[in-house]
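# Commentary on secondary and tertiary structure
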Amino acid sequence: MKMFVCIKYVPDTSEAEVKVNPDGVTVDSSRFSFDINDADNYAVEESVLIKEAKEGDVTVVSIGPKKSDVMIRMAMAKGCDQAVRIEDDRIAGHDPLMVAKALAAAIKGQEFDLVLTGCMASDDGHMSTGVALAEELGVNHASMVKKVEVLDGKVRAHRELEGGLLEVVELELPAVLTIQTGINEPRYAPIRGIRQAQKKELKVVSLDDLGVDPASVGSDASMVVLEELYIPEVESSAEFIEGEAEEKAEKLASILVKGGLV
Amino acid sequence: MSTESQTFTEKYDLLGCIQCGRCTGGCPVTVRADLNVRRFVYDAYYEEKLDELARLAEIWDCTACHTCAVRCPKGLKPLEVLLGLRTMIIESGKVEPTVRDALQSVLLEGNPWEKSRAARSDWMEGLDVKIAEPGVPVENLFFVCCTIAYDPRVKSIARNIVGLLNKSGVDYAFLDESETCCGSEVFTLGEEGLFEMLVEDNTELLNEYTAKRLVCLSPHCFTTYKTRYPDLKAEVIHYTQLLVELLEEGKLNWKGDLQKTIVYHDPCYLGKQSNVYDEPRTLLKNIPGVKMVEFERSRERSLCCEGGGGKMWVESESKKERLAETRIKDAKALEADIVAVACPFCVLTLEDAMKSLGYEEEMRVAEIMELLGEFVEA
Ligand code: SF4
Ligand code: SF4
């Protein structure tokens, strides 16, 4: 099994307050901690589990700054074999299509069976980079994958749909799978493993190295314009309905009817 | 196994064991869990058994209270055999998610609480705190502790001492956001590689400050710096030791009156492991109006609260009464109004036990610095 796993270095916004910079389109990240995107962490684990079961080779691909190397080394400590980090400010990072093009450039021309990505990035929440990547690579894809079975020349993917539905699909390889959280239990990368992973190859490349015309993945090529970021206002307060069950039901029904909600 | 070439038998001096069983006899968690530490000391002699031993759930029940080490007549540290087995699990990567996240957070952010490094000094907000500068000599360099810096419940330990230091005129300074986990819990969780890295990095960082003493607010940092950082230049003390000096120099001015009965709980890392028993009692005794009582199990026999040994991140499977609950019941029987402690972990575990027993109306768990904040002029 020859695999690629695409990962993203993202800020943890669960603790620190999110503040939009005066430019209106970027966020002040000085007080955030950064780590691997949650879903991508599961993708890394899944690639290593497949490698352990079927033998193979995993290459990490990421677009990000030098300080994200620690995340890449952690993935290699867990069992990934080598990595490519694309560092180039000219990529329109807010557009999943442009991101997918850059990632595809790092993969194209090499043989592969599977490409795994997280199903969603926790910072921009687009949920589309993996799917766009499959399109760029011209291969099959399945998104929101909760279980993977590798068969002969095929892969059976269990997809998590809305309303608790599970869809099982079979795809011819090569394919891209976007991995949903909870598919496995990501392991810990011990420091001694991270130190050993220093010996594995981590290639840092620019768009030029990949032979990509910067104009084709920059903001000019992008059809997405980031106009404004803002913190949504709290729109209304909760109302507690008091009384006996019947009374409560009646009040609730009248609120729904008045509000035109039913 | 660890990458070191030493065998378990050599590393932990297993052949020194005379199988007297004093370790297990003194181990506080035996009343709740299936842990028999003597058995591990015995079985770990067989290299081929190590994998099997490492998979036993009870290796995670040890709270690293060190009672076994204190009691061993041969000077062994039986608990370290358990920690060595934990290392094997850690290095396989297959650990509880809570443990994984705590350790990873230490590596990435310098604290086990998954908080951003940039927020480490937020506890100082609104206070006039002297910040240390490399190369500028300082008498007392303070080390706050990850838990005190980030946990809103125990932040007041650091905040209250600042007021007191400013008032008394002692030469002191605190570290800024560069303060990084001492590794106490990293060590007891068995992440040897990460602990070695912390010792290296922290020694370098702390030695840059020309400090005479490193004053730790938590007994866990205190004991760790004192016993596991061989190249640290500064003398390591606990804050209660500094405050007793100030008391003797007449620099603590008492105010108010606390007409309460206090029982002091010796934290394992302050008492058993570092022999600081009297200073906390001296401070408490001097609070105007206080009546002190003692637990039957006090000083070196003090009962562990189960907050150490990485237990903050490992859920106990046992349904039996928590040791912290036993402790609170004992305090209740002594008719104590306040259970005073000198450790942030003890505050969290004992207070939790007090609440689950429903005693919060009539009883209070307080860190010494919380009480001093109320009864010493600042
Ligand atoms: S350190 Fe404490 S809990 Fe751990 S084995 Fe020793 S006595 Fe038992
Ligand atoms: S107390 Fe020491 S000598 Fe006695 S059984 Fe335990 S480890 Fe062995």
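### Here's the deal with the site of ligand 1
Residue and element names in this part refer to chain B. Neighbouring ligand 1 are the residues Cys27, Pro28, Val37, Cys62, Thr63, Ala64, Cys65, His66, Thr67, Cys68, Leu79 and Leu82. Put simply, the parts of the chain that give the shell around ligand 1 at least two residues each are helix H5 (67–71) and helix H6 (78–92). Split by residue class, the shell around ligand 1 holds nine nonpolar, three polar and no charged.

### Let's talk about the site of ligand 2
Lining the immediate surroundings of ligand 2 are 13 residues, of which B:Cys17, B:Cys20, B:Gly21, B:Cys23 and B:Cys72 lie closest. When the residues that make up the shell around ligand 2 are grouped by side-chain class, the tally is eight nonpolar, two polar and three charged.

### Describing the side chain of B:Glu367
Residues and elements named next belong to chain B. Here Glu367 shows up in strand S8 (residues 364–367). Despite being buried, Glu367 has no salt bridge partner; Arg153 is the closest side chain of opposite charge, sitting 8.6 Å away. Residue contacts for Glu367: discarding those within four places in its chain leaves Ile157, Tyr239, Val341, Ala342, Cys343 and Val347.

### Re the pattern of salt bridges
Scanning the model with the defined rule gives 46 salt bridges over all chains in all. One salt bridge in this structure joins A:Glu45 and A:Arg187, with 3.0 Å as the shortest N-O distance. One end of the pair, A:Glu45, is in helix H1 (residues 38–54); the other, A:Arg187, is in the loop between strand S10 (175–179) and helix H5 (191–197), and 142 residues separate them in sequence. One exposure class covers both A:Glu45 and A:Arg187, and it is buried. One salt bridge in this structure joins B:Lys332 and B:Glu362, with 2.6 Å as the shortest N-O distance.

### Considerations on the interface of chain A and chain B
Each side of the interface is counted separately: chain A has 20 residues, and chain B has 27 residues. With both sides pooled, the region where chain A packs onto chain B buries about 2000 Å², and carbon together with sulfur makes up 51% of that total. When the buried area of chain A at its contact with chain B is split by residue, A:Arg31, A:Tyr188 and A:Arg192 rank highest and sum to 40% of it. Here B:Glu196 ties to A:Arg192 by a salt bridge, and the two come within 3.0 Å at their closest N and O atoms. Put simply, chain A and chain B have 12 residue pairs in polar contact (both at pLDDT 80 or more) between them. Taken together, the residues of the side of chain A that touches chain B sort by class into nine nonpolar, three polar and eight charged.

### Describing the domain arrangement of chain B
Residue and element names in this part refer to chain B. Along its sequence, chain B is organised into domain 1 (8–92), domain 2 (98–247) and domain 3 (253–375). Measuring from the centre of the C-alpha atoms in domain 1 to the corresponding centre in domain 2 gives 29 Å. Contact residues are listed per partner, giving 10 residues for domain 1 and nine residues for domain 2. If you sort the residues of domain 1 by the area they bury against domain 2, Leu83, Thr87 and Ile90 come out on top, with a joint share of 49%. The tally of links from domain 1 across to domain 2 stands at two salt bridges.

Quick notes on the rules
- Residues numbered from 1 in each chain as written.
- Chains lettered and ligands numbered in written order.
- Predicted model: local features only at pLDDT ≥ 70, side-chain atom pairs only at ≥ 80, totals over all residues.
- Heavy atoms only, no water.
- Near = heavy atom within 4 Å.
- Helix = DSSP H or I, 4+ residues; strand = E, 2+ residues; numbered from the N terminus.
- Nonpolar A, V, L, I, M, F, W, Y, C, P; charged D, E, K, R; others polar.
- Buried < 20%, exposed > 50% of the residue type's maximum accessible area, 1.4 Å probe, protein only.
- Lys, Arg positive; Asp, Glu negative; His and termini not counted.
- Salt bridge = Lys/Arg side-chain N within 4 Å of Asp/Glu carboxyl O.
- Contact = heavy atoms within 4.5 Å.
- Buried area = accessible area lost by both parts, 1.4 Å probe.
- Polar contact = N/O pair within 3.5 Å; in protein donor to acceptor, adjacent residues only side chain to side chain.
- Domains from an automatic or database assignment.

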